[in-house]
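Spelled out from the first residue to the last, the chains are:
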Amino acid sequence: MRMVDLINKKRLGEELSAEEIRFIIKGFTDGSIQDYQMAAWMMAVVFQGMTYREIAELTSAMVATGDTVDLSALDGIKVDKHSTGGVGDTTTLVVAPLVAACGGTVAKMSGRGLGHTGGTLDKLESIDGVCIEKSVDEMIEIVKKTGLAVIGQSSNLVPADKMMYALRDVTATVKSIPLIASSIMSKKIAAGANAIVLDVKTGNGAFMETVEEAEELSNTMVGIGKHLGRRTVAIITDMNQPLGRAVGNGLEVKEAVEVLRGEIAKDDPLYQVCMLLGGKMLQLSGIAKDDAEAVAMLERAIENGSGLERLKAMVTELGGNASMLDNPESLCKTELTLDLAAPEGGYIYALDAMKIGIASSMLGAGRTKKGDKIDYAVGLVLNKRRGDRVEKGEPLFKLYINDKTNLDAVKKMLLDAVKIGSEQPAPMPMVYKVIE
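Treat the numbers as computed from the prediction; the structure is a model and nothing was measured.

Colleague: Just give me the short version of the layout of surface pockets, but keep the residues and values in it.
Modeller: Roughly 300 Å³ of internal volume is contained in the second largest pocket. Lining the second largest pocket we find 16 residues, and of these Gln241, Pro269, Arg386, Pro427 and Met428 sit closest to its centre. Classifying every residue of the lining of the second largest pocket gives 7 nonpolar, 4 polar and 5 charged.

Put into structure tokens, the structure is as follows:
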């Protein structure tokens, strides 16, 4: 078998066998297939695509290049949740403890933020003492005690994905549904969950900018899950404005605590998406029979405080100071806070999530490249959402600042992100589609 022949086969749009796909992935990770050959093959995939069977085989081959997590020591159905990346998306810190409080088992490996999107690990590390670098055995013990654990990914989890992504990033092969889907699902499969709920974002703050792209990715990932024996649901949600009002690590933890305390309105987008994601997790776990029963259980876990107690218990097991969650304002103490006022009155008809995410990153809350240090306390809070009325001079954003170096650029970015008109815009859907 020769790589040049497999490149040509895919260039012609032909379907590859499982053996051929395994040959490609194994050869690339062991060095017998060169970077330039892999880049050529991935570009052929970009143009010709892959069948669901091929993508499932690609995912399986990628999983086989590294460690896999065995969660059999844990009782029940192990359920995971993944977001394709968004702004103000703090759902994991709400949903995981609520599902655990309802009897679910959540053992999750998460990632860090990069670019305009936030990362769950960075949010957790805004709590003093938290250490997310835990072994699988330690994660399992934490889940046994608390019902949930969120830790960093093993360094040897799907090494093929790390190598492929590094190459895709510099060869213009990032935007390919088969390559994106296999990248996401290989890590979820390797992490050991029996069931997976996928939150696929679409809009100006998401990697999938159109609903059609998001639906294609969702169908592909659900197809992979089915082929590889995992219960999988994908929910396509809106990211044309930040999901929560808070954008920044400590600020988002504070908002998650507010949801768990029942201090966020039930018609709030963050609350609604949390209920939908958590509801599907409970149903895949066999704990609730439908959406109504699942939401009722989640709401009880908010009302009786058991969801917040689960989050505090996990933080304690990760070595963190859980008392900070009793006073979450301590997570976002900065040298300066500043209100950014509306330049005119009217109705807000656009809040560009990507620009808002970039602005928060410029304040120090995010990274432009891996390894950058972040300031956990800084960021911003939205005082208005799309469709709200605003008066000239009324605060649009509250900024939390420790370093004023980029402040003028941040203000300009935020004002560019907001569009104000004379008429109230028609509402946009929060959820576009559920694919099961």
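Once the structure has been displayed, the description carries forward.
Colleague: I'd like a description of helix 11 (residues 249–260), backed by residues and values.
Modeller: Between its terminal C-alpha atoms helix 11 stretches 17 Å, which fits the 16 Å expected from 12 residues at 1.5 Å a residue. Most of helix 11 is tucked away, with 12 of its 12 residues classed as buried. For helix 11, the complete set of buried residues consists of Asn249, Gly250, Leu251, Glu252, Val253, Lys254, Glu255, Ala256, Val257, Glu258, Val259 and Leu260. Of the residues flanking the end of helix 11, it is Gly262, one or two places downstream, whose phi is positive at about 80°.

Colleague: Explain helix 14 (residues 306–317) to me, using residue names and the numbers behind them.
Modeller: For helix 14, built from 12 residues, the straight-helix expectation of 16 Å at 1.5 Å per residue is met to within 8% by its first-to-last C-alpha distance of 16 Å. Among the structural elements, helix 5 (91–101), helix 6 (120–124), helix 7 (136–146), strand 3 (148–152), helix 11 and helix 13 (291–303) are those in contact with the buried residues of helix 14. Count one or two residues on from helix 14 and you reach Gly319, which has phi positive near 90°.

Colleague: Could you give an account of the sheet that holds strand 7 (residues 336–341), naming the residues involved and the relevant values?
Modeller: Pairing is antiparallel in the open sheet, where 4 strands are placed in the order 6-9-11-7. The open sheet is flanked by strand 6 (246–247) and strand 7, the only strands paired with a single partner. Bridge count for strand 6 against strand 9 (residues 379–382) is 2 bridges, and the pairing is antiparallel. When the sheet's bridge partners are listed, Val247 is paired in strand 9 with Leu380.

Colleague: Break down the environment of Gly286 for me, citing the residues and quoting the values.
Modeller: Position of Gly286 relative to the elements: it lies in the loop between helix 12 (269–284) and helix 13. Sequence separation of Gly286 and Arg112 is 174 residues, and the distance between their C-alpha atoms is 30 Å.

Colleague: Can you explain unusual backbone geometry? Please cite residues and give values.
Modeller: The phi torsion at Val158 lies on the positive side, around 50°, for a residue other than glycine. By the secondary structure assignment, Val158 is in the loop between strand 3 and helix 8 (159–169). The phi dihedral of Ala172 falls on the positive side, at around 60°, and the residue is not glycine. Within the fold, Ala172 resides in the loop between helix 8 and helix 9 (177–190).

Colleague: I'd like a description of the pairing of strand 3, backed by residues and values.
Modeller: Counted residue by residue, strand 3 has 5 buried out of 5 residues, so it is predominantly covered. Here strand 2 (residues 106–110) pairs with strand 3 via 5 bridges, running parallel. When the sheet's bridge partners are listed, Lys108 is paired in strand 3 with Val150.

Colleague: How would you summarise the sheet that holds strand 10 (residues 389–390) if you had to cite specific residues and measurements?
Modeller: The strands that make up a sheet pair up through hydrogen bonds in the backbone, lying either parallel or antiparallel. The 3 strands lie next to each other as 10-8-12, forming an open sheet whose pairing is antiparallel. Each end of this open sheet is capped by a strand with a single partner; those strands are strand 10 and strand 12 (418–421). Of the strands in this sheet, strand 8 (346–351) and strand 12 touch helix 16 (residues 407–417), which is tilted by about 45° from strand 12.

What counts, and at which threshold
- Each chain has its residues counted from 1, running along the sequence as written.
- A pLDDT threshold of at least 70 governs which residues receive local features in this predicted model, and a stricter bar of 80 or more applies before side-chain atom pairs are shown or counted, although totals over entire chains, interfaces and linings include all residues.
- Computation of side-chain values covers all heavy atoms of the structure but excludes hydrogens and water.
- For each structure, a 1 Å grid was placed over the protein atoms alone; sets of points admitting a 1.4 Å probe that cannot get out are labelled cavities, open sets with protein on both sides within 12 Å along at least five of seven lines are labelled pockets, and lining residues have an atom within 4 Å of a point.
- Grid points are joined across faces, edges and corners, and a volume is the space filled by probe spheres set on the points.
- Nonpolar residues are Ala, Val, Leu, Ile, Met, Phe, Trp, Tyr, Cys and Pro. Charged residues are Asp, Glu, Lys and Arg, and all others, Gly as well, are polar.
- Every helix listed is a DSSP run of H or I at least four residues long, and every strand listed is a run of E at least two residues long, numbered separately from the N terminus.
- Each helix should span, by expectation, one fewer than its residue count multiplied by 1.5 Å.
- For each residue, the accessible area found with a 1.4 Å probe, counting protein chains only, is set against the maximum for its type, and the residue is called buried under 20%, exposed over 50%, and partly exposed in between.
- Here a residue-residue contact requires only that any non-hydrogen atoms of the pair lie within 4.5 Å.
- Following DSSP output, two strands are said to pair if at least two bridges run between them.
- Convention adopted: a line fitted to C-alpha atoms gives each axis, helices being fitted over their contacting stretch, and angles between N-to-C directions are expressed from 0 to 180 degrees.

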